[in-house]
Amino acid sequence: MEHSMTLEQKQRAFSELREVKETFAARGWFPATSGNLSVRIGDMSEDRQTFAFAVTASGKDKSVSSPEDFLIVDQHGRPLETTGLKPSAETLIHCEIYRATGCGAIFHVHTVFNNLVSELYREEQAIPVEGVELIKAFNIWEEDAAIRIPILPNYADIPRIAELVSEAIVPRVPGIVLRKHGIYAWGANVFEAKRHLEAFEFLFEYVYRWKLLNKQG
Ligand SMILES: CSC[C@@H](O)[C@@H](O)C(=O)COP(=O)(O)O
Ligand SMILES: [Zn+2]
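What counts as what
- Position numbers for residues count from 1 along each chain, tracking the sequence in the order it is written.
- For this description, chains carry letters from A and ligands carry numbers from 1, given in the order in which they are written.
- Since the coordinates come from a predicted model, pLDDT governs what is reported: local features require at least 70, and pairs of side-chain atoms require 80 or more to be given and counted, while whole-chain, interface and lining totals use all residues.
- Calculated side-chain values reflect all of the structure's heavy atoms, with hydrogen atoms and water omitted.
- UniProt positions are given in the numbering used here, feature names are shortened, and annotations may be inferred rather than shown by experiment.
- Salt bridge, as used here: a side-chain nitrogen of Lys or Arg that lies within 4 Å of a carboxyl oxygen of Asp or Glu.
- Secondary structure is summarised from DSSP: a helix means a run of H or I of at least four residues, a strand means a run of E of at least two, and numbering begins at the N terminus for each.
- With water omitted from the atoms examined, metal sites may look incomplete; donors here are N, O and S atoms no farther than 2.8 Å from the metal, or 3.2 Å in the case of Na, K and Ca.
- In these descriptions, tetrahedral denotes four donors with every angle between 85 and 135 degrees, square planar four donors and octahedral six donors with opposite donors over 155 degrees apart and the rest between 65 and 115, and irregular any other case.
- Distances are taken per atom, and a residue is near a molecule or strand as soon as one of its heavy atoms is within 4 Å of it.
- In the analysis that follows, any N or O atom pair within 3.5 Å is treated as a polar contact, provided that within protein one partner can donate a hydrogen and the other can accept it, and provided that, for residues neighboring in sequence, both atoms belong to side chains.
- For every accessible area listed, the method is Shrake-Rupley and the probe measures 1.4 Å; residues are considered covered only by the protein chains on display.
- Residues are grouped as follows: nonpolar covers Ala, Val, Leu, Ile, Met, Phe, Trp, Tyr, Cys and Pro; charged covers Asp, Glu, Lys and Arg; every other residue, Gly included, is treated as polar.

Named according to an unreviewed UniProt entry, the chain is Methylthioribulose-1-phosphate dehydratase originating from Paenibacillus residui. Entered under Sequence similarities (unreviewed entry) in the UniProt record, the comment concerning the chain runs "Belongs to the aldolase class II family. MtnB subfamily."

Written out as C-alpha cells, the structure reads:
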C-alpha cells in the first residue's frame, strides 16, 4: 500500500490538530511543552501495517500557533516529507496505538490528576473506576460499569514503552496511562478522541478526590 495523500487531506488533518491544540492549551493541558497529538490520514492497510498520520512537532510551545507545528509520518514514525521538523519524541507510542486499535486520532496530555492517580494505583497497574456516569463516554452503557485503566511504566527509552502498549490495551477502554507522566487517549476520529480524553480527566479527578475524602473520614 502506498502512502498517497491529497493536499486537502493533509490540510484537514493539520487544521483538526490545530483546533484541538488550541482548545487543550487554553485548559493548561500542555505545561512546559508537554503533550502530543496525532490524527491518521486516509485508511490503514488491511493488516494495519501501513498507514500515515499527522503529529505534533517535538518540543514546541503548544500554547502557540506556528506554521511549523505538525508534520506527516509513516507507520514507523518517520517523516514522509522533507522537513526540518522533528516528530514528537513519543511518536512510536502513537504508532503502536494505531496498529493495535485501528483508531483515527490520539491525544496525549500531562495533568496533575493523571499523574497523581498513576502513582496512587501504581501497584495495581490499573486505575479502577466504578459506576461513574462519564464511563458512558466510552460507549459503555451498562449500569454501574466498572473499568480499569492500564498504567505502564514510564521508561526513559520510548521503544521500551512502545513494545508494552499492545498487550496493555483493554479493548473497551480507549486509554493508557504512563506512570507519573500522562495519558494517551484515542478514538475513531478527533471528536471521539477528545470526548474520551475529557472523560478520562474527569474520572481521574473524581477518583483522586474520592480517595482523599475517604481518607479524611
Ligand atoms: C518537556 S516534558 C514532556 C516530554 O518529555 C514528553 O513527555 C511530551 O509529552 C512532549 O514531547 P514532544 O517531543 O514535544 O512530543
Ligand atoms: Zn509526554
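Quick look at the pattern of salt bridges now. Evaluated as defined, the whole model comprises twelve salt bridges. A salt bridge links R27 to E198, with the shortest nitrogen-to-oxygen separation between them at 2.7 Å. With a gap of 171 residues between them, R27 in the loop between α1 (7-26) and β1 (36-41) and E198 in helix α5 (residues 190-216) connect regions that are remote in the sequence. Here K194 makes a salt bridge to E198, at a shortest N to O gap of 3.1 Å. In this pair, K194 and E198 both sit in helix α5, four residues apart, roughly one turn of the helix. Beyond isolated ion pairs, a larger network of salt bridges with shared partners links E119, R122, R179 and K180.

Taken together, the protein ligands of the zinc ion (ligand 2) are E90 (OE), H108 (NE2), H110 (NE2) and H181 (NE2), with distances of 2.1 to 2.7 Å. In this structure, the zinc ion (ligand 2) is coordinated by six donor atoms arranged in octahedral fashion, with angles at the metal of 74 to 173 degrees. Binding-site remark: the zinc ion (ligand 2) is held by donors from one chain whose sequence spacing is E-x17-H-x1-H-x70-H. You can see H108 sitting in strand β4 (residues 105-109) and its partner H181 sitting in the loop between β7 (175-178) and β8 (182-187), a full 73 residues away along the chain.

Looking at ligand 1, there are 14 residues lining it, with S58, G59, K62, S88 and E90 nearest. A distance of 2.9 Å is found between an oxygen atom of ligand 1 and a side-chain nitrogen or oxygen belonging to N36. In the environment of ligand 1, an oxygen atom lies 2.8 Å from a nitrogen or oxygen atom belonging to the backbone of G59. Burial of ligand 1 by the surrounding chains reaches 73%, relative to a free accessible area of 420 Å². Here the shell around ligand 1 is built from residues that sort into two nonpolar, ten polar and two charged.

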